[in-house]
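A closer look at the structure
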Amino acid sequence: MATSLPAFGVPGGALSPLGQRLRVLLSSERVISDLRRYFGIGLRPGGMPFTGSRFEHLAGGGDRLEVADRITAEDLVAVQTLSVTVPAPVALDILEGRLGARLSGLLHAIPRDIDMVDADAVVVADGSPADQAWGLLCEQYGVNWVIAGKVLARKRPRLLPVYDRVVRCAVGRPPSFWLALHAALREDDGAVHRQLLELRQVAGLPETVSALRVCDVAVWMNHRAVGHACP
C-alpha cells in the first residue's frame with residue numbers, strides 16, 4: 001500500500017541553500033521506506049534494522065536526567081552503533097579521569113530538554129558550551145569531528161545533530177553546520193522541522209526519535225543509496 005508523503009512543495013528562493021537541499025532530500029519518494037528500513041519497522045522475517053537504530057535508545061538514552069551531564073559507558077557503546085569508536089585511552093579518561101569531569105561541566109551548561117529549532121542560536125554558536133565540548137573532544141588523540149559530534153548527539157539528541165561525511169557530502173559544508181541547520185529549521189515558519197515531525201509520524205517512528213535524528217537518517221540513507229563520493 002502506498003504511503004502519502006507530507007505535502008511540502010519544491011523549495012523556493014527564500015530558503016537558505018541548506019534549507020533548499022533538505023526540502024529536496026526530505027521529499028524523496030523513498031524517504032518513508034528508508035526510515036522504516038533503518039529503524040526496523042515492517043521488516044520481513046529475518047530482516048535486521050541498522051545498528052544505528054539503537055543509538056538514541058540504548059540503555060534508556062544518553063539524555064535521561066540521571067546521566068545527562070556525564071558520558072557513560074553506555075554512551076560510548078551507543079556511538080559504536082554509528083560505526084565509530086572512541087579510542088580506549090580517551091574512553092578511560094572520559095569514564096574515570098579529568099577529561100570526563102571537564103566534559104561534565106560543559107554538558108551541565110548545555111540545555112537538555114529543548115529542540116534545536118526552539119533554541120536560541122547562541123546555544124549552538126562558536127564558543128558556546130556545546131562548541132567547547134566538541135572542541136575538547138576533537139583535541140583528543142584519535143577523536144575527529146565525526147566522533148566528537150556523535151558523542152554529543154548521543155547526549156543532546158534533540159539539540160545537536162549527527163553529522164558525518166555522508167551527510168556532509170549530501171548537504172554541503174557551511175562554515176558552521178550547527179548554525180546553518182538551526183537557521184534552516186527555523187526559516188519559512190519552521191517548515192523543515194514540521195516536515196521532519198510529519199515524516200516521523202508517517203513512518204511510525206517513536207517520538208523518542210528526535211527531529212534531528214529523522215533528518216540525519218533520511219539524508220544518510222538517501223545519499224548512501226546513490227553512493228557518495230565526497231572526501
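Look above for the structure.
No experiment lies behind these values; they were computed from the predicted model shown. (Residues numbered from 1 in each chain as written. Predicted model: local features only at pLDDT ≥ 70, side-chain atom pairs only at ≥ 80, totals over all residues. Heavy atoms only, no water.)

Bringing the overall build of the chain into the picture now. Across its full length, the chain holds 10 helices and zero strands. The N-to-C order of helical and strand elements in the chain reads α-α-α-α-α-α-α-α-α-α. Its C-alpha atoms give the chain a radius of gyration of 17 Å, near enough to 17 Å, the size a compact globule of 231 residues would have. Referenced to the eigenvectors of the C-alpha coordinate spread, the extents of the chain come out at roughly 50 × 45 × 35 Å. For the chain, with 231 residues in total, the buried portion stands at 51%. By sequence separation, contacts in the chain at least 24 residues apart represent 68% of the contacts at least 6 residues apart. Working note: accessible area of the chain is about 11,000 Å², and carbon and sulfur atoms make up 54% of it. (Helix = DSSP H or I, 4+ residues; strand = E, 2+ residues; numbered from the N terminus. Rg over C-alpha atoms; globule rule 2.2 N^0.38 Å. Buried < 20%, exposed > 50% of the residue type's maximum accessible area, 1.4 Å probe, protein only. Contact = heavy atoms within 4.5 Å. Areas by Shrake-Rupley, 256 points an atom, 1.4 Å probe, with all protein chains shown as cover.)

Before going further, it helps to spend a moment on the side chain of R213. Here R213 is to be found in helix α10 (residues 211-226). Overall, the relative accessible area of 4% leaves R213 in the buried class. R213 has contacts with Y38, F39, G52, F55, E56, L82 and V162, leaving out every residue within four places of it along the chain.

This part covers the nonpolar core. By size, the foremost hydrophobic cluster in this structure holds 69 residues, and its most contacted members are L22, L35 and V171. The element contributing the most residues to this core is helix α9 (residues 177-203), with 10 residues. Beyond its immediate stretch of four places on either side in the chain, L22 contacts V171, L181, A184, V192, C215 and V219. (Core = buried A, V, L, I, M, F, W, Y, C linked by side-chain atoms within 4.5 Å.)

Scanning the entire structure with this criterion turns up 10 salt bridges. Between K150 and D164 there is a salt bridge whose closest N-O contact spans 3.9 Å. Taken as a pair, K150 in helix α7 (residues 145-155) and D164 in the loop between α7 and α8 (165-171) lie far apart in primary sequence, 14 residues in all. A single burial state applies to K150 and to D164, both of which are buried. (Salt bridge = Lys/Arg side-chain N within 4 Å of Asp/Glu carboxyl O.)

Turning to unusual backbone geometry, a few remarks are in order. The phi dihedral of S83 falls on the positive side, at around 70°, and the residue is not glycine. On the secondary structure map, S83 appears in the loop between α3 (73-80) and α4 (88-96). If you check the backbone angles, D188 has positive phi at about 55° while not being a glycine. In this fold, D188 is placed in helix α9. For D188, a relative accessible area of 44% gives the class partly exposed.

Scanning the entire structure with this criterion turns up six aromatic pairs. When the centroid spacing of 6.2 Å and the interplanar angle of 80° are considered together, the rings of Y38 and W220 count as edge-to-face. Taken together, the residues span a long stretch of sequence, with Y38 in helix α2 (residues 31-39) and W220 in helix α10 at a distance of 182 residues. Summarising the aromatic geometry, the rings of F50 and W220 are spaced 6.0 Å apart at their centres and angled 90° between planes, so their arrangement reads as edge-to-face. One end of the pair, F50, is in the loop between α2 and α3; the other, W220, is in helix α10, and 170 residues separate them in sequence. (Phe/Tyr/Trp six-rings, centres within 6.5 Å; stacked < 30°, edge-to-face > 60°.)

For the rest of this paragraph, the subject is the side chain of S176. Within the element layout of this structure, S176 appears in the loop between α8 and α9. What makes S176 buried here is its relative accessible area of 17%. A distance of 3.3 Å separates a polar atom in the side chain of S176 from the backbone nitrogen of L179. (Polar contact = N/O pair within 3.5 Å; in protein donor to acceptor, adjacent residues only side chain to side chain.)

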